[in-house]
Amino acid sequence: MQQIINFIIRNKAFLLYLLLFSIAMVFTIQSHSYHKSKFINSANFLTGGIYKSVNDINEYVNLKTQNEILQEENSNLKSILFNQTDTINKTFIDSSYSGIFYKFYPAIVFKNSYSLSNNVLLINKGKKDSIRQDFGVISSKGIVGIIDNTSNKYATVISILNTTSRISAKLKKSNHFGSLVWNTKSPEFIQLTEIPKIAPLTKGDTVVTSGRSTIFPKNIPIGIIDSYQLDAAENFYTIHVKLFNDMTSIEHVYIIENKDAEELNTLINNTNE
Amino acid sequence: MNSIIFTHTFRFIILVLLQVLVLNHINFLGYLNPYLYILFILLYPLKNNRVVFIFLSFLLGLTIDLFLDSGGVNAAASVTIAYLRPYVLKFSFGAVYDHQTMKFGNVEFGSKLTYFTILTVIHHFILFSLEIFNVSKIILILQNTLFSSIFTIILCILTTIIFSRRN
């Protein structure tokens, strides 16, 4: 017993180092598995607060460009609104059913990163605004990511520029679907994998969300095909998609809540069992 | 004694804020960021309680991780260089360090550069290995380590020169 205590006292620095290093490793491994980083994330009172106050200043600097982006979106929405052809001849709507599948919440990005291999954003909406895990996040130009952790006032978003994120996407023209992954090389490009060999591809084709998951609705724009090649086994294409979104400058985003997500998920889980 | 505690607490807070609010947005050439916060570990007083020092370094790394949503990568790298620091000190400064009379203000530039370089490279290698977490991307890890280290070392040396007290 004496010897054990002596050993601990003699090597206390090394033992402490081992202990702290393993704690750090646990946090690291958690952060590399999807939806596991419970403790160490920036959606908390201190870091969220500091990022908020700094962002208040930065907002003024970017005011002009962000205004232009919002104006552009407004004009797009207006063009959709005024180009609707037959507003009168709509089919009868059952008033007991609201018909709303997706609810949108506006939010502002406080913190954005794009140079790491696992990028995470911080936004100013949290549990208080009924934001929960697995809601989708888009900007006016395309998809941004998926909500991960939420605190009362803030939430972290797993960016599409993150090696743990896999989002289902399809080719707009031919409906062939695959999943989006990121090879960490450039924040401008993202890779669409598992597109079958027979799919007809042309440079410049649009890639959109497939709507196969409960997170994103169908046909949210992602990007255009920049280049493509067959994988090693020559069965599937890996496509480099140039994002519509400039992930390096994102400020105004929208959070999408799928009203039927819970119902759909229970149904799928029940079927699987 | 109190002034030392005050100086280092102040340095801790300033370095963390500088790191997360300014330096992590530099993204030179798309992905290079200097990690100046390790200056706190590099310049920590030589006569210290080793256990407290290791613990403080862990706390420093963890605070950075908290801001950057990076899990525990900075904490792991910081605690490692804090543990290895006495050996690196002995290696780079030799006899001067053994006599316990050394001060960072008046050491040879060459030995100081060696000391900074060794610890920075170790720190960055662990940082990027854990962050990328993929053995097949070893080239990317080494490339990031090399370039970021150069960036960090230059910035560390400049900072120590600018803020050195004239005797």
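Per an unreviewed UniProt entry, chain B is named Rod shape-determining protein MreD, and its organism is Formosa maritima. The UniProt entry for chain B carries this comment under Sequence similarities (unreviewed entry): "Belongs to the MreD family." UniProt annotates chain B under Subcellular location (unreviewed entry) with the comment "Cell membrane".

By the naming in an unreviewed UniProt entry, chain A goes by Cell shape-determining protein MreC and is assigned to Formosa maritima. Its UniProt record gives chain A a comment under Sequence similarities (unreviewed entry), which states: "Belongs to the MreC family."

Broken down by element type, chain A carries four helices and 12 strands. Its C-alpha atoms give chain A principal-axis dimensions of about 90 × 50 × 45 Å. For chain A, buried positions account for 41% of its 273 residues. Considering only contacts within chain A whose residues lie at least 6 apart along the sequence, 62% involve residues at least 24 apart. In the form shown here, chain A has an accessible surface area of approximately 15,600 Å², with 57% of it arising from carbon and sulfur atoms.

With domains assigned, chain A is organised as domain 1 (2-32), domain 2 (45-78 + 97-163 + 249-259) and domain 3 (167-243). Here the C-alpha centroids of domain 1 of chain A and domain 2 of chain A sit 39 Å apart.

Below, the discussion takes up the side chain of threonine 47 of chain A. Residue position: threonine 47 of chain A is located in helix H3 (residues 45-82). Contacts of threonine 47 of chain A, omitting those with residues within four sequence positions, involve Asn41 and Ser42 of chain A together with Leu66 and Phe67 of chain B.

The next thing to look at is the UniProt feature "transmembrane region" (unreviewed entry) in chain B. Residues and elements named next belong to chain B. Per the UniProt record, the feature "transmembrane region" (unreviewed entry) sits at residues 12-31, 51-68, 113-133 and 145-164. What you have in residues 51-68 is 100% helix and 0% strand, and the ends, taken at the C-alpha atoms, are 26 Å apart. Strand forms 0% of residues 113-133 and helix 95%; the C-alpha atoms that close the span are 29 Å apart.

When we look at a pair of aromatic rings, we describe it by the centre distance and by the angle of the planes. Counting across every chain of the model gives 17 aromatic pairs over all chains. The interplanar angle of 40 degrees and the centroid separation of 5.7 Å between the aromatic rings of tyrosine 17 of chain A and phenylalanine 21 of chain A together place this pair among those described as tilted. With tyrosine 17 of chain A and phenylalanine 21 of chain A both in helix H2 (residues 12-32) and four residues apart, this pair spans about one turn of that helix. Taking relative accessible area as the criterion, phenylalanine 21 of chain A reaches 22% and is therefore assigned partly exposed. Taken together, the ring pairs in this structure connect Phe14, Tyr17 and Phe21 of chain A together with Tyr83 and Tyr87 of chain B into an aromatic cluster.

Relative to each other, H3 of chain A and helix H3 (residues 50-68) of chain B sit at 60 degrees, their axes nearing to 9 Å. Our classification of the angle between H3 of chain A and H3 of chain B gives oblique. For the pair H3 of chain A and H3 of chain B, the crossing hand works out as right-handed. Of H3 of chain B, the residues touching H3 of chain A (which contributes Thr47, Ile50 and Tyr51 of chain A) are Leu66, Phe67 and Leu68 of chain B.

At the junction of the two partners, chain A supplies 35 residues and chain B supplies 35 residues. Taken over both partners, the interface formed by chain A and chain B buries close to 3,000 Å², and the fraction arising from carbon and sulfur atoms is 71%. On inspection of chain A and its partner chain B, the count reaches one salt bridge. Across the pair lysine 111 of chain A and aspartate 69 of chain B runs a salt bridge, and its minimum N-O distance is 2.7 Å. For the interface between chain A and chain B, the tally reads eight residue pairs in polar contact (both at pLDDT 80 or more). If you list the elements that add at least two residues to the side of chain A that touches chain B, you get H2, H3 and strand E2 (118-123) of chain A. Counting residues per element, the side of chain A that touches chain B draws most heavily on H2 of chain A, at 15 residues. Its residues assigned to classes, the side of chain A that touches chain B shows 19 nonpolar, 14 polar and two charged.

Looking now at the nonpolar core. Counting 63 residues, the largest nonpolar core has Leu39, Leu42, Phe93, Tyr115 and Phe116 of chain B as the members making the most contacts within it. Secondary-structure elements contributing two or more residues to this core are H2 and strand E1 (102-111) of chain A together with helix H1 (2-21), helix H2 (39-42), H3, helix H4 (73-93), helix H6 (109-132) and helix H7 (138-162) of chain B. Residue contributions to this core peak at 11 residues, all from H4 of chain B. Two domains each put at least three residues into this core: domain 1 (2-32) and domain 2 (45-78 + 97-163 + 249-259) of chain A. Filtering out sequence-adjacent residues up to four positions away, phenylalanine 93 of chain B remains in contact with Met102, Phe104, Val107, Ser111, Lys112 and Tyr115 of chain B. Tyr105, Ala199, Ile220 and Val241 of chain A belong to the second largest nonpolar core, which has 43 residues in total.

All names here are of chain A. One closed barrel accounts for six strands, arranged E1-E2-E5-E4-E3-E12; its pairing is antiparallel. Averaged over all pairs of adjacent strands, the angle between strand axes in this sheet comes to 45 degrees, irrespective of strand direction. The pairing of E1 with strand E12 (residues 252-258) spans seven bridges and is classified as antiparallel. Pairing of proline 106 across the sheet is with tyrosine 254, part of E12.

Put simply, side chains in a regular strand alternate between the two faces of the sheet. Residue and element names in this part refer to chain A. Looking at chain direction, strand E7 (residues 177-181) and strand E8 (residues 189-196) are connected through three bridges and run antiparallel. By the bridge assignment for E8, serine 179 is matched with threonine 193. Judged from the six bridges that link them, E8 and strand E11 (residues 236-243) form a sheet pairing that is antiparallel. In the strand pairing of E11, glutamine 191 is matched with histidine 240.

How each quantity is defined
Counting from 1, residues in each chain are numbered in the order their sequence is written. All chains are assigned letters beginning with A, and all ligands numbers beginning with 1, in the order in which they are written. Only residues with pLDDT of at least 70 get local features here, since the model is predicted, and only at 80 or more are side-chain atom pairs given and counted; chain-wide, interface and lining totals rely on the full set of residues. Side-chain measures were taken over the full set of non-hydrogen atoms in the model, leaving aside hydrogen atoms and water. UniProt positions are given in the numbering used here, feature names are shortened, and annotations may be inferred rather than shown by experiment. Runs of H or I in DSSP of at least four residues are treated as helices and runs of E of at least two as strands, each being numbered from the N terminus. Partly exposed describes any residue whose relative accessible area lies between the buried limit of under 20% and the exposed limit of over 50%, with all areas from a 1.4 Å probe on protein chains only and scaled to the type maximum. Any pair of residues with heavy atoms lying within 4.5 Å of one another is described as a contacting pair. For every accessible area listed, the method is Shrake-Rupley and the probe measures 1.4 Å; residues are considered covered only by the protein chains on display. An automatic or database domain assignment supplies the residue ranges for each domain. Centres within 6.5 Å are what make two rings of Phe, Tyr or Trp a pair, Trp counting through its six-membered ring; a difference in plane orientation under 30 degrees is then read as stacked, over 60 as edge-to-face, and the rest as tilted. Only the contacting stretch of a helix is used when fitting its axis, a line to C-alpha atoms as for every element, and angles between N-to-C directions run 0 to 180 degrees. Reported orientations rely on four angle classes, namely roughly parallel under 35 degrees, roughly antiparallel over 145, roughly perpendicular from 65 to 115, and oblique for the rest. For any pair of crossing helices, the crossing counts as left-handed if the nearer helix is rotated counterclockwise from the farther one by less than a right angle, and right-handed if it is rotated clockwise. Once two parts are brought into contact, the accessible area they lose, counted with a 1.4 Å probe and summed over both, makes up the buried area. In what follows, salt bridge is the name for a side-chain nitrogen of Lys or Arg lying within 4 Å of a carboxyl oxygen of Asp or Glu. A 3.5 Å cut-off defines polar contacts: any pair of N or O atoms within that distance qualifies, except that in protein one atom must be a possible hydrogen donor and the other a possible acceptor, and neighbouring residues in sequence count only when both atoms are side-chain atoms. In this classification, the charged set is Asp, Glu, Lys and Arg, the nonpolar set is Ala, Val, Leu, Ile, Met, Phe, Trp, Tyr, Cys and Pro, and all remaining amino acids, among them Gly, are polar. Take the buried Ala, Val, Leu, Ile, Met, Phe, Trp, Tyr and Cys residues and link them wherever side-chain atoms come within 4.5 Å; each set so joined is a nonpolar core. DSSP bridges decide pairing: two strands pair if at least two such bridges lie between them.

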